[in-house]
Amino acid sequence: MVSRMLSEQDISALIITLKLAGISTLILLIIGTPVAWWLSQTKNRFKFFFEAIIALPLVLPPTVLGFYLLIALGPNGPIGGLMQWLGGQPLAFTFTGLIIGSVFYSMPFVIQPLQSAFNSIGKRPLEAAATLRAGPLDRFFSVTVPLAQSGFLTAIVLGFAHTIGEFGVVLMIGGNIPGQTQVLSIAIYDHVEALEYSKAHWLSGGLLVLSFLMLLSVYALNRRFSALIRN
Amino acid sequence: MSISLKFYLARPDFTLNVDLDISSQGVTALFGDSGCGKTTLLRTIAGLEPCPDGFLRIEDTIWQDNTHFVPTDKRALGYVFQEASLFEHLNVLKNIRYGYSRVPEKERSIALEQAIELLDIEPLLYRKTSQLSGGERQRVAIARALASSPEILLMDEPLSALDLKRKREIMPFLESMHDSLSIPVIYVSHAAGEIARLADHLVLMEQGKNIASGALDTMLTRLDLPLAHGDKAAALIHARVAEHDPDFAVTYLDFYGGRFTVAHKELPINHPVRLQVIARDVSITLEHQTGTSILNIFPAKVDSISPEEKAQVMVRLLINNVPILSRITRKSASILDLKPGKNVYAQVKSVALLL
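Everything numeric in this text was worked out from a predicted model, so none of it was measured.

What about the overall build of chain A?
Scanning chain A from terminus to terminus reveals 12 helices and zero strands. Ordered by position in the sequence, the α and β elements of chain A form the string α-α-α-α-α-α-α-α-α-α-α-α. Overall, the C-alpha framework of chain A stretches about 65 × 45 × 30 Å when taken along its three principal axes. Evaluated residue by residue, chain A yields a buried proportion of 43% over its 231 residues. For chain A, contacts bridging at least 24 residues in sequence account for 72% of all contacts bridging at least 6. Of note, chain A has its 13 positive side-chain charges centred 20 Å away from the centre of its 9 negative side-chain charges.

Printed below as a string of structure tokens:
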């Protein structure tokens, strides 16, 4: 039944997409949390400059971002060249390359909710924790993280969902290699190109439902979190 | 033993310039108008407000000098903020345990149960912080600070965000804390009433500077300070319950200068009390009046006189070295020919029991 709706290639595209979104989101959390924290605390006067850079993928056509990444990751680019010099492969048209692209592309969707969650906590709970003998790292994990819970949830879901939906960046640096770098959004495009509308329907519909369910859970959980704190 | 501090902090709109030695016994009140730097000073003591040019020693421990700065989380202090600032994601018990569990077992001087009992938190333990009233929140905040076994407790107007009813609800807890714990407390307030009830020492602040400090009863009657002027000027007298007279339903209170007679108070013999004597309730006579309804009459000596408004003067009297204030008209002072050193009688029309 499933195999009639989805070809083997579609299934591998689905797996690659989920893997890509999962790994990218994880990396974004690891990189994005300290960056968002720094942005929420710093009084550096160039803060606006960093904020603008992080927000760039929101307005830039994905093909532009993809184009520059392709050059950077390719054999003649700084990153690809470095990889080659170290004895590895250039990163263009690889899964690793896709992850790097996704991390840049979804950066604002993870950092911005975290930053605003950190901002809304304010200084006071952390000062209170400091007077109760909690060191800086302890304060972050025992006070900031639980109070920013809903910000983390939003960041995770938006980062994940946005990566699933990416097209332009992937197309530019992924190369659409089935089983390696072909993701769902491009598989759909291929099906439409080949006039396989029913297959495109299945994938598109699935993606629509998945995205909707993810957003639904964010909003429902956020409501519960704020209710938890209010009552 | 004492607390010694020296801070200089220049801001565009404000300068903190404080050089102080505070007794490490009892409650020291930082008193002054809002904006005088009380809170900034308290935050500086806690290490929450960086002040590179400063010195701070608590008993034997130096928390800050030219070369050292102990960060807030390494200072054995308790801090009670103006708003309770409880952790919203933790219930009451976990809030109280937060500091407690971070203090090494050997350094604990206050048991968790003791903090809970002292502020009567038992019935609230498993509530969420959002289910507490303002007074309850502040009690939890105080218990949380105490449970971290502080060597000094810093309180920043802990009652100011509460209405009168809640204030009355918390006051007894603060008073019992004062009686049962030996931790030094620095208490910031601009409410003279709270200070009269709680403080032992007073630091008077004005525009970022400490302008005077000393024992509370002395400070309240110093005519060179603003506290001893105006309509609300009052002296504080420490006394003890001497005996009860059930026939007249009165209680006798002894102090160094004599014995007060007040309406019956249900207090054990020898219980310490604070008496507040408002300056305008004290009149002066040259002879001991006999045909009068006033019970509390004491021989006194005029210590000093200072003009008030056009028509009034403030007279500082000593009843066997216990100072009280009397606010009378300039005309009366002239008729009685009051001068420092003159022997008179102080008639106290009414007296308020604070404790």
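Next comes the rest of the description.
A short note on the interface of chain B and chain A
With 27 residues of chain B in contact, the opposing surface of chain A contributes 23 residues. The contact between chain B and chain A buries some 2,000 Å² in all, and 57% of this surface belongs to carbon and sulfur atoms. Applying the counting rule to chain B against chain A returns four salt bridges. Asp 73 of chain B is the salt-bridge partner of Arg 139 of chain A, the closest N and O atoms lying 3.6 Å from each other.

Description of the domain arrangement of chain B
By a widely used convention, the size of an interface equals the accessible area lost when the partners come together. Residues and elements named next belong to chain B. Under the domain assignment, chain B is made up of domain 1 (2-220) and domain 2 (234-353). Between the C-alpha centres of domain 1 and domain 2 there is a distance of 34 Å. Between domain 1 and domain 2, a total of about 600 Å² is buried, with carbon and sulfur atoms accounting for 48% of that surface. Three residues, Ala 196, Asp 217 and Leu 220, lead the burial of domain 1 against domain 2; their summed loss comes to 69% of the area buried on that side.

Here we look at the side chain of Gln 138 of chain B
Residue and element names in this part refer to chain B. Relative to the elements of secondary structure, Gln 138 occurs in helix α4 (residues 134-147). Look at Gln 138 and you get buried, because its relative accessible area is 2%. Residues within four places of Gln 138 in sequence aside, it is in contact with Val 80, Phe 81, Gln 82, Glu 83, Ala 84, Pro 158, Leu 162 and Ile 170.

With respect to the side chain of Ser 40 of chain A
Residues and elements named next belong to chain A. Following the sequence through the fold, Ser 40 ends up in helix α2 (residues 8-41). Assessed through its relative accessible area of 13%, Ser 40 is described here as buried. Setting aside chain neighbours within four positions, we find Ser 40 in contact with Gln 115, Phe 118 and Asn 119.

Digging into the sheet that holds strand β14 (residues 272-278) of chain B
The antiparallel open sheet is built from five strands, whose spatial order is β13-β12-β11-β14-β20 (chain B). Edge strands, defined here as strands with exactly one partner in the open sheet, are β13 (258-263) and β20 (352-353) of chain B.

Observations regarding a nonpolar patch on the surface
Side chains of Trp 38, Phe 46, Phe 48, Phe 49, Phe 50 and Ile 53 of chain A sit close together on the surface and give an oily, nonpolar patch of about 630 Å² of accessible area. For Phe 50 of chain A, the location among the structural elements is in helix α3 (residues 47-59).

As for the sheet that holds strand β15 (residues 282-285) of chain B
All names here are of chain B. If you walk across this open sheet you meet the five strands as β15-β19-β16-β17-β18, and the pairing is antiparallel. Where the open sheet ends on each side, the last strands, each with one partner, are β15 and β18 (322-329). Neighbour-to-neighbour, the strand axes of this sheet turn through a mean angle of 45 degrees, independent of strand direction. With four bridges joining them, β15 and strand β19 (residues 343-348) adopt antiparallel strand pairing. Along β19, the bridge assignment pairs Val 282 with Val 348.

A word on the pairing of strand β12 (residues 250-255) of chain B
Residue and element names in this part refer to chain B. Most of β12 is tucked away, with five of its six residues classed as buried. Where strand β11 (residues 234-245) and β12 come together, five bridges link them in antiparallel fashion. Opposite Glu 243, over in β12, you have Tyr 252 as the bridge partner. Alignment of β12 against β13, held across six bridges, turns out to be antiparallel. Across the sheet, residue Tyr 252 finds its bridge partner in β13, namely Thr 261.

Structural notes on the state of the cysteines
All names here are of chain B. Considering all chains together, one arrives at zero disulfides over all chains under this definition. You can see Cys 36 has no disulfide; the closest cysteine sulfur is in Cys 51, sitting 16 Å from it. Note on Cys 36: relative accessible area 4%, which makes it buried. We classify Cys 51 as buried; its relative accessible area is 2%.

Overview of the nonpolar core
Ranked by internal contacts, the top residues of the largest apolar core, which has 72 residues, are Leu 5, Leu 41 and Leu 154 of chain B. A total of 12 residues in this core trace back to one element, the largest contributor, which is helix α6 (residues 95-121) of chain A. Apart from the residues lying within four places of it in its own chain, the contact partners of Leu 154 of chain B are Leu 42, Ile 45, Ala 46, Leu 77, Gly 78, Tyr 79, Val 80 and Ile 186 of chain B. Residues Leu 146, Leu 181, Val 185 and Tyr 187 of chain B belong to the second largest nonpolar core, which totals 54 residues.

Section: α6 of chain A
One full turn of an α-helix is made of 3.6 residues, so residues set three or four places apart face in the same direction. Residues and elements named next belong to chain A. In this model α6 runs 38 Å from its N-terminal to its C-terminal C-alpha over 27 residues, within 8% of the 39 Å that 1.5 Å per residue would give. Along its length, α6 reaches its greatest deviation from straightness, about 50 degrees, at Ser 106, and the proline Pro 108 lies no more than four positions downstream. Of all 27 residues that make up α6, 19 are buried, and the element is covered over most of its length. Within two residues after α6, Gly 122 carries a phi angle of roughly 80 degrees, on the positive side.

What about the packing of helix α2 (residues 92-100) of chain B against α4 of chain B?
All names here are of chain B. Close contact between α2 and α4 brings their axes to 7 Å; oriented N to C, the two are set at 30 degrees. In this view, α2 runs roughly parallel relative to α4, as classed from their interaxial angle. Both α2 and α4 take part in a crossing whose hand is right-handed. Residue-level inspection shows Val 92, Asn 95, Ile 96 and Tyr 100 of α2 in contact with α4, the latter providing Val 140, Ala 143, Arg 144 and Ala 147.

A short note on the pattern of salt bridges
Counted according to the given criterion, the structure contains 23 salt bridges over all chains. Residue Arg 124 of chain A is joined to Glu 83 of chain B by a salt bridge in which the shortest nitrogen-to-oxygen separation is 2.7 Å. A residue pair is termed interchain when its members come from two chains, as with Arg 124 of chain A in helix α7 (residues 124-131) and Glu 83 of chain B in the loop between β6 (77-80) and α2. By relative accessible area, which is 28% here, Arg 124 of chain A ends up partly exposed. A salt bridge links Asp 19 of chain B to Lys 6 of chain B, with the shortest nitrogen-to-oxygen separation between them at 3.9 Å.

Notes on the pairing of β14 of chain B
Consecutive side chains along a regular strand alternate between the two faces of the sheet. All names here are of chain B. Pairing geometry for β11 and β14, over seven bridges, is antiparallel. Bridged to Ile 237 within β14 is Leu 275. Pairing of β14 with β20 involves two bridges; the strand directions are antiparallel. By the bridge assignment for β20, Leu 275 is matched with Leu 353.

Reading guide: rules and limits
Residues numbered from 1 in each chain as written. Chains lettered and ligands numbered in written order. Predicted model: local features only at pLDDT ≥ 70, side-chain atom pairs only at ≥ 80, totals over all residues. Heavy atoms only, no water. Helix = DSSP H or I, 4+ residues; strand = E, 2+ residues; numbered from the N terminus. Buried < 20%, exposed > 50% of the residue type's maximum accessible area, 1.4 Å probe, protein only. Contact = heavy atoms within 4.5 Å. Lys, Arg positive; Asp, Glu negative; His and termini not counted. Charge placed at Lys NZ, Arg CZ, Asp CG, Glu CD. Buried area = accessible area lost by both parts, 1.4 Å probe. Salt bridge = Lys/Arg side-chain N within 4 Å of Asp/Glu carboxyl O. Domains from an automatic or database assignment. Pairing = 2+ DSSP bridges. Patch = residues over 30% accessible without salt bridge, like charges linked within 9 Å, V, L, I, M, F, W, Y side chains within 5 Å. Areas by Shrake-Rupley, 256 points an atom, 1.4 Å probe, with all protein chains shown as cover. Axes fitted to C-alpha atoms, helices over the stretch in contact; angles between N-to-C directions. Disulfide = S-S within 2.5 Å. Core = buried A, V, L, I, M, F, W, Y, C linked by side-chain atoms within 4.5 Å. Expected span 1.5 Å × (residues − 1). Bend = angle between axes of the 7 residues up to and from the residue. Parallel < 35°, antiparallel > 145°, perpendicular 65-115°, else oblique. Left-handed = near helix turned anticlockwise from the far one by under 90°.

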